[in-house]
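Chain residues, written in single-letter form:
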Amino acid sequence: MSCPLYIKINDRDNVAIAVNEIKAGTQVMEGVTASQDIPQAHKIALEDIPAGGAIVRYGVVLGYAINPIRKGDWINETMLELPTPPSVDEMRFATNLVTELPEPPVTVWEGYPVEGSMFAGTRNILGISTTVQCVTGVLNVAVERMKRELLPKYPNVDGIVPINHAYGCGVAINAPEAKVPIRALRNLAKHPNFGGELMVVGLGCEKFTVEMLLDEADISPENVIILQEKKGFDAMIDALMEMADKKLARLNERKRQTLPLSSLLVGMQCGGSDAFSGVTANPSAGYAADMLVKGGATVMFSEVTEVRDGVYLLGERCVNEEVGRKLAAEMKWYDHYLEMGQVDRSANPTPGNKKGGLSNIVEKAMGSIAKSGSSPIVEVLSPAEKPSKHGLIYAATPASDIVCGPCQLASGIGLQVFMTGRGTPYGLAAAPVIKVCSRNDMKEQWPDLIDINAGPIATGDASIQDIGTLLFNEIIDVASGRKQSFAEKYKLYNDLCIFNPAPIT
Ligand code: CA
């Protein structure tokens, strides 16, 4: 099969995107000749568009032409005016509930069950929570020693992860929105990969106290070390080593078991998207998501500013009005949050997104939503909340990779699937991250960082079903510990940036 020059998605589209760079003078299709060089992934006009005329891709209006555009012209981000965002007050709910989903090749996986948790662990890790950034230096020294002196004694434990963060003091702890970072840190402490073992390090004078982090029943000298109560550095390290030794010994007894997919929670997000993301990587992730949901698993997708312009499509997929209303409320909360900073959703696309052919947030959103597949949305969560249902979940987090990551971890994801067009070596310490790229060039550039290449879809060498099934199998293998993703193998771990919409003092 020869490689196509362009991809046009919807019959109504009056633009197509270039699969590879198209040179000026090339006949793209009958009656359309490129009037200038069209960079890879960028849009070419398929008809004359007058000033004020709609530019349509995915069958939706991306924006309006600022000046007349001629057939064959390159359309870049400077040439469109953003449409007004769709109203969340007039959304229709539960009108598009798809029940036909692709059958998954398997319906079981190997995980670590956790008592009292809906979802099982994908890894066996000693997670060490902190109440404040002040303890990080001491804790990091101790963790280095734990890894050297203790971890080799416990071969069934995969690693030791300190939950270092910038929250905890110098913050308005009683502000209404402080509930978001507090909930995130509380839920992170009980991540399924930590097996229910609690180990907390506090300083002693911070605003975010151990009482706010843990339930009363969990606060005991077996679980909590306060540095100000220790007589000097050596005593701190001794106490940390002693507690870690006991926790590691218990974690070492954990065993993987064959479990139904209902105990698996997978997160999805994208970063560094390009114009191919919405036709290759994200629809493949959507296909894998549909298979997971069909098999009983739970899949979470997020990133408010990247769904805002297509939110009506999500409203139609909400299982009932209650879920739909929560979706609308989360969108309104975020609109207001952006307004306070005197910006709107147009602040989202990055220079890299634009270089990758994404003109604006509408185009980015249409591609981003594709990763949710087609199944009904059974629940909508505020940032860092835990799901109470199985199926497809929308968790309303920021789109920033390093903020969405910890939010989804706090919700309990055992694994994250990360789609990229431009490339990022992103990873999480507490759960494996599988990276899917949108273009063949990206895989060639980073063969040892990208786990799955969805590029062959653009060149006509594979279908969305092919890559989606490949990704599903990769998710099951990595979740079951039979395989490591590249980010996990190289230990590429980003900092946990805890979402704090409340004031800093
Ligand atoms: Ca992101």
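Not measured: the values here are computed from a predicted model. (Residues numbered from 1 in each chain as written. Predicted model: local features only at pLDDT ≥ 70, side-chain atom pairs only at ≥ 80, totals over all residues.)

**Considerations on the overall build of the protein**
Scanning the protein for helices and strands turns up 13 helices and 22 strands. Here the C-alpha atoms of the protein give a radius of gyration of 24 Å, agreeing with the 23 Å that 2.2 N^0.38 yields for 505 residues. On the principal axes, the C-alpha backbone points of the protein span a range of 80 × 45 × 40 Å. Evaluated residue by residue, the protein yields a buried proportion of 51% over its 505 residues. (Helix = DSSP H or I, 4+ residues; strand = E, 2+ residues; numbered from the N terminus. Rg over C-alpha atoms; globule rule 2.2 N^0.38 Å. Buried ≥ 20, exposed ≤ 12 C-beta atoms within 10 Å, placed from the backbone.)

**Description of unusual backbone geometry**
Even without being a glycine, Ala41 presents a positive backbone phi close to 75 degrees. Mapped onto the fold, Ala41 is located in the loop between β4 (32–33) and β5 (43–45).

**Side note on the domain arrangement of the protein**
Domain assignment breaks the protein into domain 1 (6–81), domain 2 (113–251) and domain 3 (268–489). Between domain 1 and domain 3, the C-alpha centre-to-centre distance is 26 Å. Contacts between domain 1 and domain 3 engage 16 residues on the former and 14 residues on the latter. Tallying contributions element by element places strand β7 (residues 60–65) first for the side of domain 1 that touches domain 3, with 3 residues. (Domains from an automatic or database assignment. Contact = placed C-beta atoms within 7 Å.)

**Describing the sheet that holds strand β8 (residues 74–75)**
Strand pairing within a sheet occurs via backbone hydrogen bonds; the two strands may be parallel or antiparallel. Pairing within the open sheet is antiparallel, and its 4 strands lie in the order β1-β2-β5-β8. Single-partner strands in this sheet number two, and they are β1 (6–7) and β8. Strand direction decides the pairing type here: strand β2 (residues 15–18) and β5, joined by 3 bridges, are antiparallel. If you follow Ala16 over to β5, its bridge partner there is Ile44. (Pairing = 2+ DSSP bridges.)

**Focus: helix α7 (residues 321–340)**
Look at α7: 28 Å from first C-alpha to last across 20 residues, which is about the 28 Å you get at 1.5 Å a residue. Within α7, the full set of buried residues consists of Val323, Gly324, Leu327, Glu330, Met331 and Tyr334. With its buried residues spanning 120 degrees around the axis, α7 presents them on a single face. Turned more than 90 degrees off the buried face of α7, the exposed positions are Glu321, Glu322, Lys332, His336, Glu339 and Met340. Buried residues belonging to α7 abut α6 (311–317), β18 (377–381) and β19 (392–395). Looking one or two residues beyond α7, the residue adopting positive phi is Gln342, at roughly 60 degrees. (Expected span 1.5 Å × (residues − 1). Arc of directions from axis to C-beta.)

**Some points on the environment of Asp451**
Tracing the backbone shows Asp451 in the loop between α11 (440–445) and β22 (452–453). Measuring from C-alpha to C-alpha, the distance between Asp451 and Glu229 comes to 46 Å, with 222 residues separating the pair along the chain.

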